[in-house]
Amino acid sequence: MLIIKFEKTGTAALVSHVDNLRAVTYIFRRAGLDAEYSQGFNPHMELGFSSPIALGVESLAEYVSVKAPYSDDLLDKLNAVCPSGLCFTKIFNAEVNLASTFNRATYKVQAQGIGNVIDEILQPSYAISYQEKGQWVGKTVSDRIHGAEKVDDDTALVTLAIGNDNLRPDRLVTHIMREHNVHGDYRITKLQAYVNDTPADEYLKSLQ
């Protein structure tokens, strides 16, 4: 099985997870990838993705698995037919369930003054509030926060849980901005995924 790492930036960050699945499928077909398909009445390309990210969040560390043969020019073939914002960067040969194995991710968050207050999310019993289906929800998220670090006044790095117990970075950032009466835009970029404390790329290399 091939595990292919890709970036999702710019306008591609505004594409939903379902539409991203379709886009990657079309890219693989256009590149002539000899991928395996499911059996049955409506066969489809067998793909597995790392945990979906929130709409509008950019990422330098997305992964997709596909049962297909490797070739030295595969990245070139894929990138030749990619739309703007999608770029395939690395290939690993490993058997792994991406969505259930990768359980942490580090994000760069950019918003006015966020670097000066990011330490507050490390306090015990830290809770956030957000709207879900038109209702305000409050939730304690301390066990889903694995790190926070100031880069400069307007930039911070946060490491959060992903997968079944994920903490959406956009919900965290908008909560912080609301608590400190900060208005304006923010930007979030997923920099790296992990298996516990091990970077995803290192983990995948160890399986080859």
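Just above, that's the structure.
Residues numbered from 1 in each chain as written. Predicted model: local features only at pLDDT ≥ 70, side-chain atom pairs only at ≥ 80, totals over all residues. Heavy atoms only, no water.

A. Structural context of the overall build of the protein chain. Within the protein chain, the regular secondary structure consists of six helices and 11 strands. Taking 17 Å as the expected radius of gyration for a compact globule of 208 residues, we find that the protein chain reaches 18 Å, a close match to that expectation. Along the three orthogonal principal directions, the C-alpha set of the protein chain runs to about 50 × 35 × 35 Å. Within the span of the protein chain, comprising 208 residues, buried residues form 46% of the whole. (Helix = DSSP H or I, 4+ residues; strand = E, 2+ residues; numbered from the N terminus. Rg over C-alpha atoms; globule rule 2.2 N^0.38 Å. Buried < 20%, exposed > 50% of the residue type's maximum accessible area, 1.4 Å probe, protein only.)

B. Structural view of the pattern of salt bridges. Within the structure shown, the criterion is met by 11 salt bridges. Here Lys67 and Glu46 are joined by a salt bridge, their closest N and O atoms 3.8 Å apart. Placement of Lys67 in the loop between β3 (58–66) and α2 (74–80) and of Glu46 in the loop between α1 (17–30) and β2 (47–49) is noted, with a sequence separation of 21 residues between them. Its relative accessible area of 30% is what places Glu46 among the partly exposed residues. Overlapping salt bridges bring together Lys5, Lys90 and Asp201 as one network. (Salt bridge = Lys/Arg side-chain N within 4 Å of Asp/Glu carboxyl O.)

C. View of unusual backbone geometry. Positive phi, normally seen in glycine, also occurs at Lys133, with a value near 55 degrees. Of note, the phi angle at Asn196 is positive, near 55 degrees, even though the residue is not glycine. Residue placement: Asn196 occurs in the loop between β10 (187–195) and β11 (198–199).

D. Structural detail: the packing of aromatic side chains. Taken as a whole, this structure holds four aromatic pairs when the rule is applied. Here the aromatic rings of Phe6 and Phe49 are separated by 6.5 Å at their centres, their planes lie at 90 degrees, and the arrangement is edge-to-face. Separated by 43 residues along the polypeptide, Phe6 in strand β1 (residues 2–8) and Phe49 in strand β2 bring together distant segments of the chain. Here Phe49 falls in the buried class, since its relative accessible area comes to 11%. For the pair Phe28 and Phe88, a centre-to-centre distance of 5.9 Å together with 40 degrees between the ring planes defines the contact as tilted. One end of the pair, Phe28, is in helix α1; the other, Phe88, is in strand β4 (residues 86–93), and 60 residues separate them in sequence. Residue Phe28 shares its accessibility class with Phe88, and that shared class is buried. (Phe/Tyr/Trp six-rings, centres within 6.5 Å; stacked < 30°, edge-to-face > 60°.)

E. Quick peek at the nonpolar core. Residues Tyr63, Phe102, Tyr107 and Ile121 are the most contacted members of the largest nonpolar core, which totals 40 residues. Considering each element in turn, this core owes the most residues, four residues, to helix α5 (residues 169–179). If you look at the next biggest cluster of nonpolar residues, it comprises 22 residues, including Ala12, Phe28, Val66 and Val81. (Core = buried A, V, L, I, M, F, W, Y, C linked by side-chain atoms within 4.5 Å.)

F. Spatial organisation of the side chain of Thr25. By the secondary structure assignment, Thr25 is in helix α1. A relative accessible area of 10% places Thr25 in the buried class. One polar contact links the side chain of Thr25 to the main-chain carbonyl oxygen of Leu21, over a distance of 2.9 Å. (Polar contact = N/O pair within 3.5 Å; in protein donor to acceptor, adjacent residues only side chain to side chain.)

G. Focus on the pairing of strand β6 (residues 127–132). Pairing of β6 with strand β7 (residues 135–140) involves six bridges; the strand directions are antiparallel. Looking at the pairing, Ser129 lines up with Gly138 of β7. The antiparallel hairpin formed by β6 and β7 contains two residues in its connecting segment, where Lys133 sits at a positive phi of about 55 degrees. (Pairing = 2+ DSSP bridges.)

H. Up close: the pairing of β10. Relative to β10, β3 runs parallel, the two being bridged by two bridges. Residue Glu58 lies in a different strand from β10, and its bridge partner there is Thr189. With seven bridges joining them, strand β5 (residues 104–110) and β10 adopt antiparallel strand pairing. Considered in β10, the bridge of Thr106 is made with Gln192. Pairing analysis gives two bridges linking β10 to β11, with the strands arranged antiparallel. Across the sheet, the residue bridging to Val195 is Thr198, located in β11. Linking two consecutive strands that pair antiparallel, namely β10 and β11, is a turn of two residues; a positive phi of about 55 degrees is found at Asn196 within it.

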